Amino acid sequence: NLFKSSSLFILHAKNLFQFSKMDDAFLYFEKAIELEPDNLRNYHSYLFYLNYKTNLDFNYYLETAKKFEQQYLFLNKFEKYENNLQLIKKIKIGFVSYDFRDHALMYQIFNVIKELYENNDFVIYGYYTHSIEDDVTLKIKEYFHSWVNISQMNDTEATIRIRSDEVFILFDLGGYTSGNRIGIFIQRAAPNQISWAGYLNTTGLKNIDYIVTDLMVIKDNFKNNY
């Protein structure tokens, strides 16, 4: 039976969205999660598209993120993070992204990565979650002291790798967008985890410690929601 697959509901929801039938679309996202609660990507799609909901109930968004987090923890077994990092002169900073390629994100962050790389106080690590590399990928790779393609690793394998690199600050550049590896952050790959650039809302996850944003995205009277 084709309707045993929640992917049909997700596809229909996205199609409805294209025709601005948002309320109907959200119902199909919810049906997809109900039909296949173990498919965590359904939560990713739903949380991403909730950003477009008129008069979004922020508490509902956070509750949905919490449900996703709880389901992730239920389905994945992994070792808890132990902070055994030694004090070192250079701070290790890591970036996890699906978009180290010809993508709008690169216009935002390329020069920041370059500046950090050229600053002797830092060691820069890139963790690429896409299998395809293009000309932009080749350029940005030059500004990482260490580059690892983790697209073929599962979350636990990637988390172990990042922990072994002893990264002190880890940036998530994807949130709930396509190709994200938000599970790495749920597993706590680094002692300081930050959301930046690729996703403009909170992930609603307790292991994301900070968000880099501005007053155009988060108004002063909204800060308490973060």
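Everything discussed here concerns the structure shown above.
Residue positions are given per chain, counted from 1 along the sequence in the order it is written. pLDDT decides what is reported in this predicted model: residues at 70 or higher carry local features, side-chain atom pairs at 80 or more are listed and counted, and totals for whole chains, interfaces and linings draw on all residues regardless. Side-chain measures here rest on the full set of heavy atoms in the structure, leaving out hydrogens and waters.

K.L.:
Quick question: what am I supposed to make of the packing of helix H1 (residues 7-18) against helix H3 (residues 40-50) here?
P.N.:
For any two helices packed against each other, the geometry comes down to the angle between their axes and how far apart the axes lie. It is the contact of H1 with H3, at a shortest axis distance of 11 Å, that shows an interaxial angle of 15°. Put simply, H1 runs roughly parallel to H3. Relative to H3, the crossing made by H1 is left-handed. Every residue of H3 that contacts H1 at Ile10, Lys14 and Phe17 is listed here: Asn42, Ser45 and Tyr49. Note on method: axes are straight lines fitted to C-alpha atoms, helices fitted across the in-contact stretch only, with angles between N-to-C directions ranging 0 to 180 degrees. Helix and strand assignments come from DSSP, with helices taken as H or I runs of at least 4 residues and strands as E runs of at least 2, each series counted from the N terminus. Note that the term roughly parallel is reserved for angles under 35 degrees, roughly antiparallel for angles over 145, roughly perpendicular for angles of 65 to 115, and oblique for everything else. Crossings are sorted by hand: turned counterclockwise from the far helix by less than a right angle, the near helix makes the crossing left-handed, and turned clockwise it makes it right-handed. Contacts are assigned to residue pairs that have any heavy atoms within 4.5 Å of one another.

K.L.:
Mind showing me how you'd approach the nonpolar core here?
P.N.:
Within soluble globular proteins, side chains that are nonpolar generally end up buried alongside one another. In this structure, Phe68, Tyr127, Ile162, Leu170, Tyr176 and Ile184 are the most contacted members of the largest nonpolar core, which totals 40 residues. Broken down by secondary-structure element, the contributors of at least two residues to this core are H1, helix H2 (22-35), H3, helix H4 (58-75), strand E2 (122-128), helix H7 (155-164) and helix H8 (182-186). The dominant element in this core, judged by the number of residues it contributes, is H3, at six residues. Among all residues touching Leu170, those that are not within four sequence positions of it are Gly94, Phe95, Val96, Tyr127, Ile162, Ile184, Phe185, Ala189, Ala190, Asn192, Gln193 and Ile194. In terms of nonpolar packing, the next biggest core, distinct from the first, is built from 22 residues, Ile93, Phe95, Ile113 and Ile140 among them. Throughout this description, the term nonpolar core refers to a set of buried Ala, Val, Leu, Ile, Met, Phe, Trp, Tyr and Cys residues connected via side-chain atoms within 4.5 Å. Here's how the labels work: a residue is buried when its accessible area is under 20% of the maximum for its type, exposed when over 50%, partly exposed in between, all with a 1.4 Å probe on protein chains only.

K.L.:
What is the right way to read the packing of aromatic side chains from this model?
P.N.:
Centre distance and the angle of the planes are the two values used to describe a pair of aromatic rings. Here is the rule: rings of Phe, Tyr and Trp (six-membered ring for Trp) pair when centre to centre is within 6.5 Å. Planes less than 30 degrees apart are stacked, more than 60 are edge-to-face, and the remainder are tilted. Considering all chains together, one arrives at 29 aromatic pairs under this definition. Relative to Trp147, the ring of Phe100 lies with its centre 5.5 Å away and its plane at 55°, an arrangement referred to as tilted. Here the residue Phe100 occupies a position in the loop between strand E1 (91-97) and helix H5 (104-118), and Trp147 occupies one in strand E3 (residues 146-149), the gap between them amounting to 47 residues. Taking the relative accessible area as the measure of exposure, Phe100 reaches 0% and is therefore buried. Residues Tyr176 and Tyr199 carry aromatic rings whose centres are separated by 5.6 Å and whose planes lie at 90° to one another, so their mutual orientation is edge-to-face.

K.L.:
I'm lost on a nonpolar patch on the surface in this one. Help?
P.N.:
Like charges within 9 Å and nonpolar side chains (Val, Leu, Ile, Met, Phe, Trp, Tyr) within 5 Å are joined into patches, using only residues over 30% in relative accessible area that form no salt bridge. Areas reported as accessible are Shrake-Rupley estimates using a 1.4 Å probe. Residue values count occlusion only from the protein chains shown. In the sections that follow, a salt bridge refers to a side-chain nitrogen of Lys or Arg positioned within 4 Å of a carboxyl oxygen of Asp or Glu. On the surface, a cluster of nonpolar side chains totalling about 320 Å² of accessible area is made up of Leu200, Met216 and Val217. Looking at the secondary structure, you find Met216 in the segment after strand E6 (210-212). On the basis of relative accessibility, which here comes to 70%, the residue Met216 falls in the exposed class.

K.L.:
When you look at the side chain of Gln71 in this model, what are you seeing that I'm missing?
P.N.:
Along the chain, Gln71 falls in helix H4. According to the relative accessible area criterion, Gln71 is buried, its value standing at 17%. When residues no more than four places from it in sequence are discounted, the contact partners of Gln71 are Pro37, Asp38, Leu40 and Tyr43.

K.L.:
Would you mind showing me how to read the environment of Asn111 here?
P.N.:
Structurally, Asn111 can be placed in helix H5. Taking C-alpha positions, Asn111 is 9.6 Å from Tyr143, a pair spaced 32 residues apart along the chain.

K.L.:
Could you clarify how one ought to interpret the sheet that holds strand E4 (residues 169-172) in this entry?
P.N.:
In sheet architecture, strand pairing relies on hydrogen bonds along the backbone and comes in two forms, parallel and antiparallel. Spatially, E3-E2-E1-E4-E5-E6 is the arrangement adopted by the six strands of the open sheet, whose pairing is parallel. The strands lining the two open edges of the sheet, one partner per strand, are E3 and E6. Strand-to-strand twist of the sheet, defined as the mean angle between neighbouring strand axes without regard to direction, takes the value 25°. Examined bridge by bridge, E4 and strand E5 (residues 192-196) share four bridges and lie parallel to one another. Note that in E5 the partner of Phe171 across the bridge is Ile194. Against the sheet, H5 makes contact with E1, E2 and E5, and its axis sits at roughly 160° relative to E1, the strand it touches most. Criterion used throughout: strands pair if DSSP finds at least two bridges between them.

K.L.:
Which parts of the structure should I look at to understand H2?
P.N.:
Given 3.6 residues per turn, any residue in an α-helix points the same way as the ones three and four places further on. The span expected for a helix works out to 1.5 Å for each residue beyond the first. Under the 1.5 Å per step criterion, the end-to-end length of H2 is 20 Å for 14 residues, consistent within 8% with the ideal 20 Å. Taken residue by residue, H2 has Ala25, Phe26, Phe29, Ala32 and Ile33 as its buried positions. Seen end-on, H2 carries its buried residues on one side only, within an arc spanning 115°. Projecting away from the buried face of H2 at angles above 90 degrees are the exposed residues Asp23 and Glu34. This arc is taken over the directions from the axis of the helix to the C-beta atoms.

K.L.:
Would you take a moment to explain the pattern of salt bridges for this structure?
P.N.:
Close approach of charged atoms allows side chains of opposite charge to pair. Evaluation of the coordinates by the stated rule reveals five salt bridges. Across the pair Glu133 and Lys141 runs a salt bridge, and its minimum N-O distance is 3.3 Å. Overall, Lys141 belongs to the partly exposed group, its relative accessible area being 27%. Residue Arg188 is joined to Asp209 by a salt bridge in which the shortest nitrogen-to-oxygen separation is 2.7 Å. Here Arg188 is found in the loop between H8 and E5, whereas its partner Asp209 is found in the loop between E5 and E6, with 21 residues between them in sequence.

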